[in-house]
Amino acid sequence: QSLFKDLRYIDLLASVQLVLTKTGYGTQTEAVLNRVPSICIERLDWPEHEYLREWHEEHGEVVFVDIKEIGTKPFDGLVSDLLSKKWTKNPISATGADEAANITCGYF
């Protein structure tokens, strides 16, 4: 039984000091919205990788790494650097649902 069964995913993500994730929309988007620094494992074979990387670097505090780097001495330094780094990016708002609703309403 999970200690976190009543904790929503977004609340858990927002409560951490750093997130380690693979490149993908969900965690990266929520990390930026909640101003959580991120270390992303690169997925160079994923078609959306470069676009999401560019977006995340523009809006959030993130470093992209190869999976082979995890657990190495330089990786430990990277974690320490991100934990001590001040968030410098402007906050963004989640507007996708409203945008989709506005587009959809145009068809009715």
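What you see is a predicted model, and the numbers here were worked out from it, not measured in a lab.

What counts and how
Residues numbered from 1 in each chain as written. Predicted model: local features only at pLDDT ≥ 70, side-chain atom pairs only at ≥ 80, totals over all residues. Heavy atoms only, no water. Pairing = 2+ DSSP bridges. Helix = DSSP H or I, 4+ residues; strand = E, 2+ residues; numbered from the N terminus. Axes fitted to C-alpha atoms, helices over the stretch in contact; angles between N-to-C directions. Contact = heavy atoms within 4.5 Å. Polar contact = N/O pair within 3.5 Å; in protein donor to acceptor, adjacent residues only side chain to side chain.

(A) Spatial organisation of the sheet that holds strand β1 (residues 19-22). Taken together, three strands build an open sheet; the order of strands is β1-β2-β3 and the sheet is parallel. Two strands close off the open sheet at either side, each with one partner strand: β1 and β3 (62-65). Going from strand to strand, the sheet's axes swing by 25° on average, the running direction of each strand aside. Summarising the sheet, strand β2 (residues 38-41) and β3 pair through four bridges and their orientation is parallel. Bridging from a neighbouring strand, S38 pairs with V62 of β3. Each of β2 and β3 touches helix α3 (residues 49-59); the most contacted strand, β3, lies at about 150° to it. Along the sheet face, helix α4 (residues 73-84) touches β1, β2 and β3 and points at about 145° away from the line of β2.

(B) Fine view of the side chain of Q28. Within the secondary structure, Q28 is located in helix α2 (residues 25-33). A polar contact of 2.6 Å, which involves the side chain of Q28, links it to the side chain of H56.

No statement about biological role is implied by the geometric values presented.
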